[in-house]
Amino acid sequence: MLTLPLAGYLKQLIPGVKIDMLCRGYAAPVVACCRFIDRALAVETLDFDQLLKDENYDTVIFAFPDRALSRAARRANVPNRVGSSHRVYHWFTCNRLAHFSRVRSRLHEAQLNFALLKPLGIDHVPSLAEISPLYGLHAPRLPETDDLFGAAPFNLILHPKSNGNGREWPLERYAELAAMLRADPGIAIWLTGSRAEGELLARDGAALLASPNVRNLCGRCDLRGLVSMIGTADGLIASGTGPLHISAALGRNTLGLFPPIQPIDITRWGALGTNAASLSAERACDSCTGAQDCACMQAISAGQVAEAVFAWRGRAAAGNAGSGIMEVRR
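The rules we used
- Residues numbered from 1 in each chain as written.
- Predicted model: local features only at pLDDT ≥ 70, side-chain atom pairs only at ≥ 80, totals over all residues.
- Heavy atoms only, no water.
- Helix = DSSP H or I, 4+ residues; strand = E, 2+ residues; numbered from the N terminus.
- Rg over C-alpha atoms; globule rule 2.2 N^0.38 Å.
- Buried < 20%, exposed > 50% of the residue type's maximum accessible area, 1.4 Å probe, protein only.
- Areas by Shrake-Rupley, 256 points an atom, 1.4 Å probe, with all protein chains shown as cover.
- Lys, Arg positive; Asp, Glu negative; His and termini not counted.
- Charge placed at Lys NZ, Arg CZ, Asp CG, Glu CD.
- Salt bridge = Lys/Arg side-chain N within 4 Å of Asp/Glu carboxyl O.
- Pairing = 2+ DSSP bridges.
- Axes fitted to C-alpha atoms, helices over the stretch in contact; angles between N-to-C directions.
- Core = buried A, V, L, I, M, F, W, Y, C linked by side-chain atoms within 4.5 Å.
- Patch = residues over 30% accessible without salt bridge, like charges linked within 9 Å, V, L, I, M, F, W, Y side chains within 5 Å.
- Right-handed = clockwise from strand over helix to strand, strands pointing away.
- Polar contact = N/O pair within 3.5 Å; in protein donor to acceptor, adjacent residues only side chain to side chain.
- Contact = heavy atoms within 4.5 Å.

### Here's the deal with the overall build of the chain
Helices and strands together make up the secondary structure of the chain, namely 16 helices and 12 strands. The C-alpha atoms of the chain give a radius of gyration of 21 Å, which matches the 20 Å a tight globule of 330 residues would have. Across the 330 residues of the chain, 51% fall into the buried class. Taken as a whole, the chain presents about 15600 Å² of accessible surface, with 51% of it coming from carbon and sulfur. One way to put it: in the chain the 34 positive side-chain charges average out to a point 4 Å from where the 30 negative ones average out.

This is the structure in structure tokens:
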């Protein structure tokens, strides 16, 4: 998701440029929803050598390093092969190296990706406000989504798990949030995630699943269906996950929950969008033992999150969409 703004910027900078994006098969349905990408190509099913031979690309940018693909690009003599200098094999396979450190930087991940254009003579780092229009993402409209969300005036998606990729807001906090939101019977809550994440919720999130305003959709739709649901929903809450950035890119009400710990904090991974915000504890504690027991995430109260949802609800009821990128700290 945070690589897509590169495509949006290049489309503006170079009229008529064709941009294909290689990605994992599971992510291809999302990439295909970007108007700045001409083709989303699933790398698992691709003969990269044949693709390079057939397409005669001018440039390959390795936003995600891959040894085998970079070797294939060298074999094909692609004129511009851009890769990070932090991968030793890029010194032998790429002829244009980007010298920057993601770990030490205080730029957002979406901004950091623009350093990959510098070896091509493009020296531009967009502001956070410039990122949103560069996503170019749209959500497919599916009848099943309309049927699902049609009964409630306000549909809220909670995406509690992160496939182990980040610090998660505790399930008991999500349960507390659901209990608070019952004060407004017009708010319907939908849980999303993979089938495996649904099994984790069944095991560890009984209180959340038992809430009468909550419906569990984990494992019930593919990624295209999830994008459709996010694009139709009135809001989404998650930690630093793909669905969070999808929601922000689509301009939906979005709240990201993060620890105040570099380099996994709001500064690096916060949600960027016209209606996106991120929430964090004020400062890191000294007792965190890791992702599974993060006191910093515990410090974000259900009341803080509920306040944001009620604000969205109020704006929706008043017919005012609201706007602005903001960061909120407790």
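Further notes follow.
### Overview of the pattern of salt bridges
Applying the stated rule across the entire model yields 14 salt bridges. The shortest N-O distance in the salt bridge between aspartate 204 and arginine 203 comes to 2.8 Å. Residue arginine 203 is classed as exposed on the basis of its relative accessible area, which comes to 60%. Taken together, the shared-partner salt bridges connect Lys18, Asp20, Arg39 and Glu55 into one network.

### Some points on the sheet that holds strand β5 (residues 96-98)
Across the sheet, 3 strands lie side by side as β3-β4-β5; this open sheet has parallel pairing. The sheet is open, and its two borders are formed by β3 (59-61) and β5, each paired with just one other strand. The mean inter-strand angle of the sheet, taken between neighbouring strand axes irrespective of direction, is 20°. Relative to β5, strand β4 (residues 80-84) is paired through 3 bridges, and the arrangement is parallel. Along β5, the bridge assignment pairs valine 82 with arginine 96.

### Side note on the nonpolar core
Formed by 47 residues in total, the largest nonpolar core has its most connected members in Ile37, Phe114, Leu117, Leu137, Ile157, Ile230 and Ile246. Residue assignment for this core shows that the elements contributing at least two residues are α1 (4-13), β1 (20-23), α2 (28-31), β7 (187-191), α12 (223-232), β9 (235-238) and α13 (242-249). The leading source of residues in this core is α1, at 5 residues. Trp169, Leu171, Ala178 and Ala277 belong to the second-largest nonpolar core, a separate cluster that totals 31 residues.

### Some words on the pairing of β9
Covered by surrounding structure in β9 are Gly235 and Ile237 together with Leu236 and Ala238, the residues of both alternating faces. Relative to β9, strand β6 (residues 154-159) runs parallel, the two being bridged by 4 bridges. Paired with leucine 156 across the bridge in β9 is glycine 235. Where β9 lies against strand β10 (residues 254-258), 3 bridges are found, and the strand directions are parallel. Residue alanine 238 lies in a different strand from β10, and its bridge partner there is glycine 256.

### Overview of a nonpolar patch on the surface
On the surface, a nonpolar cluster with roughly 390 Å² of combined accessible area is contributed by Val88, Trp91 and Phe92. Structurally, the position occupied by valine 88 is in the loop between β4 and α5 (90-93).

### Points about the pairing of β4
Taken across its 5 residues, β4 has 5 buried, putting it largely inside the fold. Along β4, one buried face is formed by Asn80, Val82 and Ser84 and the opposite face, lined by Arg81 and Gly83, is buried too. Sheet analysis places β3 next to β4, joined by 3 bridges and oriented parallel. Its bridge partner being in β4, valine 60 is matched across the sheet by arginine 81. For the crossover that starts at β3, traverses helix α4 (residues 67-75) and ends in the parallel β4, the hand is right-handed.

### Structural notes on the side chain of serine 278
With respect to the helices and strands, the residue serine 278 is situated in strand β11 (residues 276-280). By relative accessible area, which is 2% here, serine 278 ends up buried. In this structure the side chain of serine 278 is engaged in a polar contact, spanning 3.1 Å, whose partner is the backbone nitrogen of alanine 271.

### Some thoughts on α12
Working note: α-helix, 3.6 residues per turn, so residues spaced by three or four point in the same direction. Taken together, the buried positions of α12 are occupied by Gly225, Leu226, Val227, Ser228, Met229 and Ile230. Lining the buried residues of α12 we find α2, α8 (143-149), β6, β9 and α13.

### Details of unusual backbone geometry
Comment: phi is negative for the bulk of residues other than glycine, and the bulk of peptide bonds are trans. The peptide bond linking glutamine 262 to proline 263 adopts the cis configuration, its omega dihedral lying at 0°. A positive phi angle, close to 55°, is found at asparagine 77, a residue other than glycine. The topology assignment puts asparagine 77 in the loop between α4 and β4.

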